[in-house]
Every structure is written in structure tokens, then in C-alpha cells.
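Below, each chain spelled out in residue letters.
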Amino acid sequence: MTTADDIFDQSTDNIQRLGLREIPFTASPIDLQTDTLRRIFTGRERELRQVFNLFQSRERRRILVSGHIGIGKSAFMLEVLSVLRRKLPEMLTTYISLPANLDLATTALIAVAREMAHDAWAQRQLYQMGIPTPKPLKERSSEISGSLGIGGKIGEKDLPITAPQYPTVSLDTLLERAQKQYSRGVLVAIDDLDKRNPAVVRQLMHDAQGMLKGRAWFMLTSHPMGMMGDLLTTERGLFDLQLPLHELDQSTTYKMLINYLSSARIDNDCTDPDDPRCVLPFEEDAARRFCEVSLGKPRLFNRLGHIVLSTAADLGVDTITSAVLEQGLRAAKPSLEQQAALNFQTQKVRALLEQRGTLSDETITLEDLEQLGFSSFSDILPLLEKLASADLAHQLNQADVTAFAPIPLPSADEETADEI
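On a predicted model such as this, the values are computed, not experimentally measured, just so you know.

J.: Help me out: how do you make sense of the pairing of strand E7 (residues 241–244) in this one?
T.: It is a general feature of regular strands that their side chains alternate between the two faces of the sheet. Only one face of E7 is buried, namely the one carrying Leu241 and Leu243, since none of Gln242 and Pro244 on the opposite face is buried. As judged from the four bridges shared by strand E1 (residues 62–66) and E7, these two strands associate in the parallel manner. Bridging from a neighbouring strand, Ser66 pairs with Pro244 of E7.

J.: Whenever I open this one, the pattern of salt bridges confuses me. Can you help?
T.: Side chains that carry opposite charge are capable of pairing whenever their charged atoms lie near each other. Tallied over the entire structure, the rule returns 17 salt bridges. A salt bridge links Arg177 to Asp119, with the nearest nitrogen and oxygen atoms 3.1 Å apart. Note that Arg177 is positioned in helix H7 (residues 167–181) and Asp119 in the loop between helix H5 (104–115) and helix H6 (120–128), a separation of 58 residues in sequence. Exposure remark for Arg177: the relative accessible area of 32% places this residue in the partly exposed category.

J.: Before we go on, may I ask you to explain helix H17 (residues 377–389) in this structure?
T.: One turn of an α-helix holds 3.6 residues; hence residues three or four places apart share an orientation. Helix length check: H17, at 13 residues, gives a terminal C-alpha distance of 18 Å against a target of 18 Å (1.5 Å per residue), a fit within 8%. All of the buried residues along H17 are Phe377, Ile380, Leu381, Leu383, Leu384, Leu387 and Ala388. Buried residues along H17 sit against helix H13 (298–315), helix H15 (344–356), strand E8 (359–360), helix H16 (366–372), strand E9 (393–395) and strand E10 (403–406). Asp391 sits one or two positions beyond H17 and adopts a positive phi of about 60 degrees.

J.: So what exactly am I meant to see when it comes to unusual backbone geometry here?
T.: Leave glycine aside and you will find that most residues have negative phi; peptide bonds, for their part, are mostly trans. A cis amide bond links Leu280 with the next residue in sequence, Pro281, at an omega value of 15 degrees. Residue placement: Pro281 occurs in the loop between helix H11 (250–262) and helix H12 (284–293). For Asn101, which is not a glycine, the phi torsion comes out positive at approximately 65 degrees. By the element assignment, Asn101 lies in the loop between strand E2 (92–97) and H5. You will see that Asp192, though not glycine, has its phi angle at about 70 degrees, which is positive. Take Asp192: it is sitting in the loop between strand E5 (186–191) and helix H8 (198–207).

How each quantity is defined
- Residues numbered from 1 in each chain as written.
- Predicted model: local features only at pLDDT ≥ 70, side-chain atom pairs only at ≥ 80, totals over all residues.
- Heavy atoms only, no water.
- Buried < 20%, exposed > 50% of the residue type's maximum accessible area, 1.4 Å probe, protein only.
- Helix = DSSP H or I, 4+ residues; strand = E, 2+ residues; numbered from the N terminus.
- Pairing = 2+ DSSP bridges.
- Salt bridge = Lys/Arg side-chain N within 4 Å of Asp/Glu carboxyl O.
- Expected span 1.5 Å × (residues − 1).
- Contact = heavy atoms within 4.5 Å.

See the structure below:
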């Protein structure tokens, strides 16, 4: 009888049979505390140079990193922070993903306070917002007894949990304290603005303009459409550097595959692109095909990579041939669909996209819109972006046209002529 322990051991053996300690692909941001990001981050040299040139000055700067969903904005931001922590220890660098229902000043306050673990005032700000601190903070009180006021006792009680009444002022006070410890100042990196409603973020940015021009450096990531597009048009002076990220070219994607695999391979640290061993367990043709299907989009690259390696492990193979790759890619589409949990309306938009090959504000017809139950292309744009966020579609880079296409994955019922 096969036990759960047996199945776990078999799963481990199958990954090791591929020459790997683990599956290295992950769609989540890499922890800054590890050295993994340094090993796998690939490309973006021009963009990194633009950012790091700003840090050669003492003047505080504001940086906006924009790009389509899954293009690698978070990884780019974390790589910048990773380098700065090594090269500029006299600068306090902080990172936070924009929480739901918080303004930017409170978000920045939390990010900075978390990095100032030894500052009692900073920890008090966190504790009063109900955010765990390394040790509980108490409020001390004294009680006098006796007819002459002689004697008494000191008591402690938990501090009340309250939101900061003036988060911008509290943040400014905290930054002033931080600057006494960090001579190169403070960098506040706020990620994932594009995960909030565009109208809400537009208001958040409007309210935060004073804060952004204050004591700290700021680095933000967002989607180039909607809110940020409007903001960059009306507030061109808000950011010192507006940095768009685009898809990686095929040679860079191939190098990224090498880096990911070499970070997990057993007894093979080859990273030479001219050596076929550098992409093992992929055969070279399969590796190049994988990079092509990934479209230069890091998150899609990671999600497909995980599915392909899992499929290869389930098959019990030791090499990913073109046939094994195609089987993994066929498994990817239903896996992505299941994770997306699309509603009926979004499924209708996806069906039309698959049928047409591309959808844009120029090619969609009135008949299409009527069938979908919409009156304009802008009405279906959020649904197309939802498909893109699920890696079931991608936005095309076209200057004056908003256009989407399906991810070119084979269907589950498509068979390959090759045998595994």
C-alpha cells in the first residue's frame, strides 16, 4: 500500500531525477533577505542604470516604475533595493505592498517603522495601529494613596489601538528620526498600486503629493494605463523618473532560464549560453521554445516553468524534450483557467478573444459589444485586464491602440506528433 510519505518521497525523487534540488520557478516576489534574487534577476541593465544614476546625488528623488501586469515590476523594485542595501548601508531602504483601505502616508509610515525595530517611538506607531511589534508595548500609570499622598503603585495596560490621526505628520516625524541614523536618507518603496481601483489610487496620489515631495526618496510601481496615464499627463513634475518596463527579448529570457535552473541544479552550475548543459534538464530546442511561449513576461515565464517541470516530474522523465514541453504547455491552459476562476461575463470576453486572435478598440464591432452586453470597448477593458492578470491574455505593445491577444498555449486536446 502506497502511503502519503511514499508519494512525497517519489515526488522528491522525480525532481532530483531532473537534476534539480527543487522547482526554482515562482510567481511571487523573492524575499529580500535571501540571495536568490541576486542569482536569478536578469536584464534591465538600461533601466537599472537610470535608477542608480539618481542615487549618485543627495537630492531626494521620486521614481515611478510602470508596466503591464506580470512584466516584472516587483522583481525590478526588489532588485534595486537589494543592491542599495549592499552598496548604501547608510541609507534606510523599505518595501511594502500597498495594503487595502490605507492611504499612502499611513502605508509609508508602516514601511519605515517596521525597519526601525530599535526605535521605541516607531514601534509605538505600529503597536497603536494593531501591527505586531517584537515585544508588547505597555502604557504605564500611577496611583497615589494615603491621606498625605504618600505611597502608591504603578500599573501597566495595553496601549489602545488607534489609526494615526495625522499620518503625514507622523511620517515626517519618523523620517526626521530616521535621518539622524541614516546619513543618506530613507527610500520608501511602495508596490502594487495597480491592484487597487484606479479612481481610488488617483485620489490617493492626489492626497500624497505633499508627502512625495517631502523628506524621503520614493519608488512606486503601477500600471501605465488608466490612473497613472492621467496622472502623468496632469502632474508631470511629480516624478523625477518615469520608467516603463517592457517585455524581455528572447536572448534575455533565455539567460533568465539559465539563471533560474542553475540556482537549483545539482552538481551543474553551468551558465554559459553557448553550452547546452546550461539549460538542463531542458533540451536546447525545448528551452528556446519555452522562452518563445513565455513572451518575455517574467510572471508568465515563472508560472509556465512551474507547470512544465511539474509535468515532467509526473512523467518520470530525466530530460525535457520538445514533446515533454508541449505536454506541459497543454497542461498549463486548464491550470491557469482553474486558478483564474472567471465569471460568466469574463469567459464570454475570453471566448471572443480566442475566436478573433486579437481585440482592440479599433477592431471590436458594435455587434460584438451587443453580444457581450456592453456599449463601448472601455467597458470590457477591465475584463481583458483580468484575463491578462490571470495570464490568459496579454496586452500588445502598440503605440496608439489598446489591443489584447490570447496567450499562445496549445489546447489540452491538441496532440503532438512526437512521442515522449
